[in-house]
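Secondary and tertiary structure notes
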Amino acid sequence: MTTSLRDLGRRLDDVVPPEVDLADVVRRGELRLRRRRAGVVAGAAAAVVLAVTGAAVVTRHDDHAAPPVVELPHRTDPNPAPAPAPAQRRLVYADLYDGRPTTRVHVGSSTVDMPVPFQWLDATDDGAVVTTQSGRIFFTDGGSITEIGTLGFRTETYRSGGLVRAGHTGSLVTWFDSSDPKTPALVVYDTSELRVVARHPVPRCKYLCSTQVLVGGRVYWSDSWIAYGNTDLRGASVFDLSTGTDSPGDAETLAADVRATGRGVVVGRTADSGTAMLSTTFTADHGRLVGDQGRATYDLATGEALELRVPDDIVDGAGFDLVQWLDDNRFVLRGGALDGYVDNLFVCDNDRGTCRQAAPSVRVLPDGYGGEPRRIVNDRIVNM
Amino acid sequence: MAARREQDAAAFSEFVAGRSGALFRTALLVVGDYQLAQDLVQESLARTYVAWPRLREVANAEAYTRRVIVTTAISWRRRRSFHERPTDLLPDPGVPDGTSLLDEHDALWGALRSLPPRQRAAVVLRFCEDLPEARTAELMGCSVGSIKRHTSLGLTKLRTRLGPTVDLPGSPPPDQPAVIA
């Protein structure tokens, strides 16, 4: 007997649908509306405060004891940003001139000025998470700004960043909160719900531990104060959000976790046998991207080899880092030049097989050096 | 203002009552799991509730909700690793969930569920829901070319897995008996 997809569809007509819980639908909807209104109202109130007190507000923001606040963003886009389609992340980046902290962050088509200069940047499905030198952590969805936590220490000595980690998909972001040295804790925060979803005490992290990678609901972290990212997972622990427990982690468990997310690349001989990774590097060769050291690179979602063309003006040998995933199909490359000091951003579309430039490197000469200020995208993502 | 709000509430309730069955069917096809489909419909309707003042027309609302269902379903495969953990012991199944009408051993249903999310969505929308390519692309938020690609990849995997027992679009016709003059 043969069946067909159409038959299958017809048979589903006989499946009795569950009753929709209308009260629950309305409750969830009202919760979303309240969040949205809270951002707008608090933003308007903060506008008045900022206009009157100016720099005093900024000074107060360097105070560790400040509670979470919602501040007025400066937006170049006068219209409210439409809700992003689910599962599609907006391009998030900031410009660090000569490595100095900045206040301006780009979230899709919106530009937001944060109340305090920041130096580190991460992206979630909902917007940008920035970390200041004083260790304060803010989230912006491209409209409102919310202070979501603190590292509990100043970050000047951690020039490589990587103290706050967001996943390459989803709304979770994680860091170690050492504000109370007696009870240091690994914090996991959900930027879609604007709340802490886990606070995992780790007493031995009194002198600072590092988060390394967040993938799915699993946080890789280490006792070391140096943030290695996923380049060195020796001795790593994995905090599993669903069970609330720690277990040992290594490169193999990370590869398995990446495969479970369905988003990433596979580097190796075949899509099945290669290593699943969140990020990799590419080089331009005759208008096409080739994988790191010539290795084949596959799209994890489809198992197909990546075949991407770059714009005509990209010279052979130009290097690229995969730094963000926008959805299952599109990712962001940083680079595009022979040296490492031009940080153009390119959005690559697997289906179309093309990469197009999304943001050019800033062309302003800094005093004394004659070089170009770098467009820093996201230290955490670069370290993936 | 209050009257307008009451009208909106009534219209939204009517929309949910009238269209949730059809929306659930789409959700079930794209996620392949009764409980997940139920959650997906609830969540998608909540988003529609938020957008209702600018949708209002039932046709607009249904199209919007269906698009949220499809795009969210595609992303849920990733989130499931957070919300759900595999286990050796199955929990008490409790009340039958309705999908028992589908033979548990139905090879086609099983094969569809094994496809990657975007391929599964493209295949079920095109061939179970009979939607044209342009409409499928609109629902999935991608180009028609992407739909062709995902559909082709998905059907190839289904053919490889199921062989000739299943009648799939683009498959060669089964052998015909020889005609004797």
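Just so you know, these numbers come straight off a predicted model, no measurement behind them.

Residue and element names in this part refer to chain A. With respect to topology, four strands assemble into an open sheet ordered β9-β10-β11-β12, the strand pairing being antiparallel. Of all strands in the sheet, those with a lone pairing partner are β9 (164-166) and β12 (195-201), marking the two edges. Geometrically, the sheet is characterised by an average inter-axis angle of 20° between neighbouring strands, direction not taken into account. Across three bridges, the pairing between β9 and strand β10 (residues 172-177) is antiparallel. Bridge assignment links A166 to a residue of β10, and that residue is V173.

Further remarks concern the pairing of strand β5 (residues 110-124) of chain A. Residue and element names in this part refer to chain A. The buried fraction of β5 amounts to 14 of the 15 residues, a majority that puts the element mostly inside the structure. Note that strand β4 (residues 102-107) and β5 share five bridges and pair antiparallel. For T102, the partnering residue across the bridge sits in β5 and is F118. From the end of β4 to the start of β5, which pair antiparallel, there are two residues, and G108 there has a positive phi angle of about 60°. Two elements, β5 and strand β6 (residues 127-132), share six bridges in a ladder whose sense is antiparallel. Paired with W120 across the two strands is T131, which belongs to β6. Here β5 folds back onto β6 in antiparallel fashion, the turn holding two residues.

Once that is clear, we can look at helix α6 (residues 133-140) of chain B. If you check which residues of α6 of chain B are buried, you get T136, A137, L139 and M140 of chain B. On an axial view of α6 of chain B, the arc spanned by its buried residues comes to 160°, and they lie on one face.

It is worth spelling out the nonpolar core at this point. One finds L5 of chain A together with F15, L45, L112, V123, M140 and L158 of chain B to be the most contacted residues of the largest nonpolar core, which totals 54 residues. When residues in this core are grouped by element, the largest group, eleven residues, is from helix α2 (residues 34-55) of chain B. Within the second largest apolar cluster, 18 residues are counted, among which are L289, W325, F331 and F346 of chain A.

Residue and element names in this part refer to chain A. Pairing is antiparallel in the open sheet, where four strands are placed in the order β13-β14-β15-β16. Since the sheet does not close on itself, it has two edges, and those belong to β13 (210-215) and β16 (245-249), each with one partner. Strand-to-strand twist in this sheet, taken as the mean axis angle between neighbours without regard to direction, amounts to 30°. Of the pairings in the sheet, the one linking strand β15 (residues 236-240) to β16 comprises five bridges and is antiparallel in character. Its bridge partner lying in β16, S237 is registered against P248.

We now examine the confidence of the model for chain B. Residues and elements named next belong to chain B. In the predicted model, chain B carries a mean pLDDT of 74, and the fraction of residues at 70 or more is 72%. Looking over chain B, one finds the lowest element-wise mean pLDDT in strand β1 (residues 166-167), namely 70, and the highest in helix α5 (residues 117-128), namely 88. Low pLDDT, under 50, characterises residues 174-181; the stretch is placed with zero contacts to residues that sit more than four places away or in other chains. Prediction confidence for the complex, expressed as pTM and ipTM, is 0.57 and 0.74 respectively.

Attention shifts here to the confidence of the model for chain A. Residues and elements named next belong to chain A. Mean pLDDT for chain A: 75, with 73% of residues reaching 70 or above. Confidence over residues 39-86 falls short of pLDDT 50; this stretch has 70 contacts with residues more than four positions distant or in other chains. Below pLDDT 50 for its whole length, residues 363-372 participates in 17 contacts with residues either more than four positions away or in separate chains.

What follows concerns unusual backbone geometry. Leaving glycine out, the prevailing phi sign among residues is negative, and the prevailing peptide bond configuration is trans. Residue and element names in this part refer to chain A. Residue L194 is not a glycine yet carries a positive backbone phi of 50°. Accessibility expressed as a relative area gives 31% for L194, which makes it partly exposed. Positioned with a positive phi, H286 is a non-glycine residue whose angle comes to about 50°. Here H286 is to be found in the loop between β19 (281-285) and β20 (288-291).

In this section: the interface of chain A and chain B. Listed as interface residues are 55 residues of chain A and, on the opposing side, 62 residues of chain B. Carbon and sulfur atoms supply 56% of the area that chain A and chain B bury against each other, a total of about 4,900 Å² over both sides. On the surface where chain A and chain B come into contact, there are three salt bridges. Inspection of the region where chain A meets chain B yields six residue pairs in polar contact (both at pLDDT 80 or more).

With that out of the way, let us pick up α2 of chain B. Given 3.6 residues per turn, any residue in an α-helix points the same way as the ones three and four places further on. Residues and elements named next belong to chain B. Taking 1.5 Å of rise per residue, the 22 residues of α2 would be expected to cover 32 Å, yet its terminal C-alpha atoms sit only 28 Å apart, more than 12% below that figure. At Y49, α2 shows its maximal bend, which comes to roughly 45°, and the proline P53 appears one to four places after that position. Counting buried residues along α2, 16 of its 22 residues qualify, which places the element largely inside the surrounding structure. With a side-chain oxygen positioned 3.0 Å from the backbone nitrogen of Q35, the residue opening α2 is D33.

What follows is about the packing of helix α1 (residues 5-12) of chain A against helix α4 (residues 107-114) of chain B. In contact at an axis separation of 10 Å, α1 of chain A and α4 of chain B are set at 95° when each is read in the N-to-C sense. The orientation of α1 of chain A with respect to α4 of chain B, classified from their angle, is roughly perpendicular. Of the residues in α4 of chain B, those touching α1 of chain A at L5, L8 and L12 of chain A are L108, W109 and L112 of chain B.

All names here are of chain A. By the definition in use, this model includes two disulfides over all chains. There is a disulfide in this structure between C205 and C209, and the S-S distance comes to 1.9 Å. Linking C205 and C209, the disulfide has an S-S dihedral of approximately -95° and is accordingly described as left-handed. Summarising the burial analysis for this pair, C205 and C209 share the class buried. There is a disulfide in this structure between C348 and C355, and the S-S distance comes to 2.1 Å. Around the S-S axis, the bridge from C348 to C355 shows a dihedral of about 105° and counts as right-handed. Both residues of the pair, C348 and C355, count as buried. Taken in N- to C-terminal order, the disulfide-linked cysteines of chain A are connected 1-2, 3-4.

Analysis parameters
- Residues numbered from 1 in each chain as written.
- Chains lettered and ligands numbered in written order.
- Predicted model: local features only at pLDDT ≥ 70, side-chain atom pairs only at ≥ 80, totals over all residues.
- Heavy atoms only, no water.
- Pairing = 2+ DSSP bridges.
- Helix = DSSP H or I, 4+ residues; strand = E, 2+ residues; numbered from the N terminus.
- Axes fitted to C-alpha atoms, helices over the stretch in contact; angles between N-to-C directions.
- Buried < 20%, exposed > 50% of the residue type's maximum accessible area, 1.4 Å probe, protein only.
- Arc of directions from axis to C-beta.
- Core = buried A, V, L, I, M, F, W, Y, C linked by side-chain atoms within 4.5 Å.
- pLDDT = per-residue confidence, 0-100.
- Contact = heavy atoms within 4.5 Å.
- Buried area = accessible area lost by both parts, 1.4 Å probe.
- Salt bridge = Lys/Arg side-chain N within 4 Å of Asp/Glu carboxyl O.
- Polar contact = N/O pair within 3.5 Å; in protein donor to acceptor, adjacent residues only side chain to side chain.
- Expected span 1.5 Å × (residues − 1).
- Bend = angle between axes of the 7 residues up to and from the residue.
- Parallel < 35°, antiparallel > 145°, perpendicular 65-115°, else oblique.
- Disulfide = S-S within 2.5 Å.

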